[in-house]
Amino acid sequence: MYPVMLNVKGRICTIIGGGAAAMIKAAALVREGAEVRIVSPEIHTDFADINHIAKKYEKSDLIGSFIVIAATDDEDLNRQIISDAAELGILALNASDPESSDFIPMAHISNGDVTVAASTGGAYPMLAKKICDDVDIEAYNKICKILKKQRKIILGKNISREEKRALFKTLITDEMISLGKNDINAFEKAADRR
């Protein structure tokens, strides 16, 4: 699979199924600003930010969708949804069978300009979440803010592309990153001297 982040803000994301797995997917999409619609005779819980269409699935329910998630407890129906989405040219996820899907949601953590995502290819999603939890995202965001400023300075220098690249590399050595994690002010001073 090709790792990518999708911008779902303001886009219709259709979920077929109304159980707990569907609600978890819906909540994640709503957090990213998607217009979520759920097609299912019933849903697991009330969810204010979704459009619940209380009916059985039909292929026409997918029309206009940016992505589709098949999250029913009926594997034959999930496969049909994936097939229908493919015919309509819509990216689709089978929540219970990642191998038949066009995409797999990745565990991720964000802070400011920094987003770290991890995937186990659907083999063990909780491990992907653990990997993300182990990243000191707050420290990396502080480092990124300083590096963003430094990048502008370096790009403005009248030096060759190779010299600029060499300067960029000096700012992200293991020693510099360790310094940034332990003492952001010292990191900033060291970066300013480059």
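Shown above is the structure to which this text applies.
Predicted, not measured: the structure shown is a model, and the values here were computed from it.

S.K.: In this structure, what is going on with the sheet that holds strand β2 (residues 35–39)? I would like to understand it.
M.R.: Pairing between sheet strands relies on hydrogen bonds along the backbone, with the strands arranged either parallel or antiparallel. Pairing within the open sheet is parallel, and its 5 strands lie in the order β3-β2-β1-β4-β5. Across the chains shown, the open sheet's two edge strands, defined by having one partner strand only, are β3 (50–53) and β5 (91–94). Averaged over all neighbouring strand pairs, the angle between strand axes comes to 20°, with direction disregarded. Across 4 bridges, the pairing between strand β4 (residues 67–70) and β5 is parallel. The partner of Ile69 across the bridge, within β5, is Leu93.

S.K.: Whenever I open this one, helix α2 (residues 75–88) confuses me. Can you help?
M.R.: Every α-helix winds through 3.6 residues per turn, so residues three or four apart in the chain are directed the same way. For α2, with 14 residues, the first-to-last C-alpha span of 20 Å sits near the 20 Å given by 1.5 Å per residue. Those residues of α2 that fall on the buried side of the exposure criterion are Asn78, Ile81, Ile82, Asp84 and Ala85. Down the axis, α2 shows its buried residues gathered within 165° of arc, on one side only. Looking at α2, the residues exposed on the side facing more than 90 degrees away from the buried face are Asp76, Ala86 and Glu87.

S.K.: What exactly am I supposed to notice about the packing of helix α4 (residues 137–155) against helix α6 (residues 174–182) here?
M.R.: When two helices pack together, their arrangement is captured by the angle between the axes and the distance separating the axes. Remark: α4 packs on α6, axes separated minimally by 9 Å, with the N-to-C direction vectors making an angle of 110°. Classed by the angle they form, the pair α4 and α6 counts as roughly perpendicular. The handedness of the crossing between α4 and α6 is right-handed. Judged by residue contacts, Ala139, Tyr140 and Ile143 of α4 engage Ile177, Gly180 and Lys181 from α6. Looking at the contact of α4 with α6 residue by residue, the class counts come to 4 nonpolar, 1 polar and 1 charged.

What counts and what doesn't
Residues numbered from 1 in each chain as written. Predicted model: local features only at pLDDT ≥ 70, side-chain atom pairs only at ≥ 80, totals over all residues. Heavy atoms only, no water. Pairing = 2+ DSSP bridges. Helix = DSSP H or I, 4+ residues; strand = E, 2+ residues; numbered from the N terminus. Axes fitted to C-alpha atoms, helices over the stretch in contact; angles between N-to-C directions. Expected span 1.5 Å × (residues − 1). Buried < 20%, exposed > 50% of the residue type's maximum accessible area, 1.4 Å probe, protein only. Arc of directions from axis to C-beta. Parallel < 35°, antiparallel > 145°, perpendicular 65-115°, else oblique. Left-handed = near helix turned anticlockwise from the far one by under 90°. Contact = heavy atoms within 4.5 Å. Nonpolar A, V, L, I, M, F, W, Y, C, P; charged D, E, K, R; others polar.

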